Amino acid sequence: GEAALKSFDLYQNQPNPFSEATNISFRLPDAGRAKLNIFGMDGRLVKTIIGDYPAGNNTVTVRKDDLGRPGVYWYEVETLQNSDRKKMILID
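An account of the accompanying structure is given in this report. (Residues numbered from 1 in each chain as written. Predicted model: local features only at pLDDT ≥ 70, side-chain atom pairs only at ≥ 80, totals over all residues. Heavy atoms only, no water.)

## A word on the sheet that holds strand E4 (residues 45–53)
Keep this limit in mind: Two strands pair under a simple rule: DSSP has to find at least two bridges between them. Numbering goes from the N terminus for both helices and strands, where a helix is a DSSP run of H or I of at least four residues and a strand is a run of E of at least two. Axis definition: a line fitted to C-alpha atoms, over the contacting stretch in the case of helices. Angles run 0 to 180 degrees between N-to-C directions.
Strand order in the open sheet made by the four strands is E4-E3-E6-E7, with antiparallel pairing throughout. Taken across any chain shown, the strands that pair with only one partner, and hence form the sheet edges, are E4 and strand E7 (83–90). Averaged over all neighbouring strand pairs, the angle between strand axes comes to 20°, with direction disregarded. Two elements, strand E3 (residues 32–40) and strand E6 (residues 71–78), share six bridges in a ladder whose sense is antiparallel. Bridge assignment links Gly-40 to a residue of E6, and that residue is Tyr-73.

## Focus: the nonpolar core
Across soluble globular proteins, you tend to see nonpolar side chains buried next to one another. Note the threshold: For our purposes a nonpolar core is just a set of buried Ala, Val, Leu, Ile, Met, Phe, Trp, Tyr and Cys residues, chained together by side-chain atoms within 4.5 Å. Each residue is assigned to one of three classes by its accessible area relative to the maximum for its type, calculated with a 1.4 Å probe on protein chains only: buried under 20%, partly exposed between the two thresholds, exposed over 50%.
Core analysis: the biggest nonpolar cluster contains 19 residues, and Phe-26, Leu-36, Ile-38, Leu-67 and Met-88 have the highest contact counts within it. If you list the elements that add at least two residues to this core, you get strand E2 (21–28), E3, E4, strand E5 (56–63), E6 and E7.

## Observations regarding the pattern of salt bridges
The criterion, for reference: Here a salt bridge means any side-chain nitrogen of Lys or Arg lying within 4 Å of a carboxyl oxygen belonging to Asp or Glu.
One pass over the full model with this rule turns up seven salt bridges. The closest approach of N and O atoms between Asp-42 and Arg-44, which form a salt bridge, is 3.5 Å. Its relative accessible area of 56% is what places Asp-42 among the exposed residues. Here Asp-66 ties to Lys-47 by a salt bridge, and the two come within 3.9 Å at their closest N and O atoms.

Have a look at this one:
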């Protein structure tokens, strides 16, 4: 219902695992700034994407070249009010 439309959600990237590119989708309850951080398993920040997004569903494409070598990564979407984190795998 309407409560689900006004919720913050971070979805599993698709496809996962991936070899060339993957899409990270998230839902924002209100329009605003969101930051996508991608970390290596060692905790090192690999990439940050900051944007102003509309309320509702949004998708960011991440390419193999953005990350470097194959492995397990964590991605996190942060807004002023919410954050969530999920795992993704880059294969060769």
